[in-house]
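Summary of the model geometry
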Amino acid sequence: MGGIFGVTSKSSCTLDLFFGTDYHSHLGTRRGGMAVYGSQGFHRSIHNIENTPFRTKFDGDLDELEGTSGIGCISDNEPQPLMVQSHLGTFAITTVGKINNMDELVDISYKNGCTHFLEMSGGGINPTEMVASLINQQATIVDGIRYAQELIEGSMTLMLLTPEGIYAARDRMGRTPLIIGHKDGAYCASFESFAYLNLGYETMRELGPGEIVFLTPESIQTLSEPLNEMKICSFLWVYYGYPTSTYEGINVETMRYDCGKLLAKRDAMRDDVNPDLVAGVPDSGIPHAIGYANASGIPFARPFIKYTPTWPRSFMPSRQEQRNLIAKMKLIPVEALIKNRSLLLIDDSIVRGTQLRETTEFLYSSGAKEVHIRPACPPLLFGCPYLNFSRSKSEMDLITRRIIAEREGENVSREVLDTYADPDSQNYQEMLEEIAKKLNFTTLHYHRLDDLLAAIPIEPCKVCTYCFNGKK
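Notes on the structure follow. From a predicted model like this one, the values you see are computed outputs, not experimental measurements. (Residues numbered from 1 in each chain as written. Predicted model: local features only at pLDDT ≥ 70, side-chain atom pairs only at ≥ 80, totals over all residues. Heavy atoms only, no water.)

1. Quick notes on the pairing of strand S12 (residues 186-190)
Here S12 lies mainly inside the structure; five of its five residues are buried. Of the two faces of S12, the one carrying Ala186, Cys188 and Ser190 and the one carrying Tyr187 and Ala189 are both buried. Looking at chain direction, strand S1 (residues 2-9) and S12 are connected through five bridges and run antiparallel. Bridge pairing in S12 places Gly6 opposite Ala189. (Buried < 20%, exposed > 50% of the residue type's maximum accessible area, 1.4 Å probe, protein only. Helix = DSSP H or I, 4+ residues; strand = E, 2+ residues; numbered from the N terminus. Pairing = 2+ DSSP bridges.)

Structure below.
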């Protein structure tokens, strides 16, 4: 994933840009960057933030990054913002999204006069440079943004900084958010709705799907009206979004409470679980567990604590072995709350299952009698084609798909997969039993998709649930 933030102000924007971008650090761990424009022209800085927080890396750059308008990003992927000079002028650009048809777009760019790409990232073309190339193939920036969003298969939200102001454009299907804030003498655009509140901005509105606006210190101008169709990512509420964030009017923290409440209501109809305590896997699992405890009357507790002094961030390195070790090192058990107890544990999701299995094992080794698992979303059955929300290289990395392959073989028809997505089917129930057996859970019950959608009270057709049911 990644997060972006932009500011245009009558006075210096540097500190607002610095802190607003830093407030997106939960969305990525690899690179951070900022670009500003002021009386001395454009200035840009990009740093690797894998081992050092954004604030520490960029604190020494602030004197050079002086300007009245700027954009910043936190990225799990390519370096950005990029500086571009073209027939449309000089601009900086930063993006959040995923491009699935890169080879096709390269061919189009070459045919339309692009001679080369400079920003190679991990051996491939930097997706942000590709977006810039597509924009530059049109007569105006607005036409270029529309053109890029129409051609890109995947998703693309972006900001583009010019000497005159900032262009901000939300993905044409609204898969990721973009919110406008305002204070006297300044406007900002932000992925996260809370990122500007402590800087004195108030929320004006969210951009609609495909909407393009132009920000100056004095005004916001809509250059392309929002589209009707939307498919915002449901996983933003389940996991990615910070608790203080609000998307489409729905706060992340309260949505997670509602998820936990609905999980508890489902368990009240079962007779296979009577836990002593309810707990959440830090950090995103905790509000789900609070909701469950409040609804069920079962005490909420923290039988393990995340060691935040040196492991403050929730994301993991790119290597699976290192991620597994760090996940284990982060969580420290509280044996007094574990020994001889039956625990119900809520995590945001199960992807591979490796980390949750190890968490369960250390609970047993600390004396737990039972460990009941309640993921706060339905089983992940399909890799996301729209956002880089998982480092999985293949759908076979998903524990669900491995179980299905063991039962059905690797060439599974879509009709059969649909039965595994149906919580009322026999295949679904047997899949859960196999997962519970493999990961050593006492019981396993996932959040149902209908309950998840009930906890996001907007029209279901506007919420993307592809990773759960494969429906676009």
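2. Thoughts on the pairing of S1
When you tally the buried positions in S1, you get eight out of eight residues, the bulk of the element. Across the two faces of S1 the burial is the same, with Gly2, Ile4, Gly6 and Thr8 and Gly3, Phe5, Val7 and Ser9 all buried. Pairing between S1 and strand S4 (residues 69-75): seven bridges, direction antiparallel. Counterpart to Ile4 in the pairing with S4 is Cys73.

3. With respect to empty space enclosed by the protein
In the structure shown here, the tally under the stated rule is two cavities of 30 Å³ or more. Of the volumes computed, that of the largest cavity is approximately 90 Å³. Along the wall of the largest cavity there are 13 residues; nearest its centre are Cys233, Cys384, Tyr386, Cys464 and Cys467. Taken as a whole, the second largest cavity encloses approximately 50 Å³ of empty space. (1 Å grid on protein atoms, 1.4 Å probe; cavity = no way out; pocket = protein on both sides within 12 Å on 5 of 7 lines; lining within 4 Å. Points joined across faces, edges and corners; volume = space filled by probe spheres on them.)

4. Observations regarding the sheet that holds strand S19 (residues 277-280)
Within the open sheet, the four strands sit side by side as S19-S22-S23-S24. Their pairing is parallel. Of all the strands in the sheet, the pair left with one neighbour each is S19 and strand S24 (443-444). Against the sheet, helix H8 (residues 285-296) makes contact with S19 and strand S22 (342-346), and its axis sits at roughly 155° relative to S19, the strand it touches most. (Contact = heavy atoms within 4.5 Å. Axes fitted to C-alpha atoms, helices over the stretch in contact; angles between N-to-C directions.)

5. So, the pattern of salt bridges
Applying the stated criterion to the full structure yields 19 salt bridges. Here Arg55 and Asp22 are joined by a salt bridge, their closest N and O atoms 2.7 Å apart. Here Arg55 is found in helix H2 (residues 54-58), whereas its partner Asp22 is found in helix H1 (residues 14-22), with 33 residues between them in sequence. By relative accessible area, which is 10% here, Asp22 ends up buried. One salt bridge in this structure joins Arg146 and Asp143, with 3.0 Å as the shortest N-O distance. One end of the pair is Arg146 and the other is Asp143, both in helix H5 (residues 141-151) and three residues apart, which spans about a single turn. With relative accessibility at 31%, the residue Arg146 sits in the partly exposed group. Linked through salt bridges whose partners overlap, the residues forming this network are Arg266, Asp424, Arg448, Asp450 and Asp451. (Salt bridge = Lys/Arg side-chain N within 4 Å of Asp/Glu carboxyl O.)

Geometric descriptors of this kind do not, in isolation, establish any biological role.
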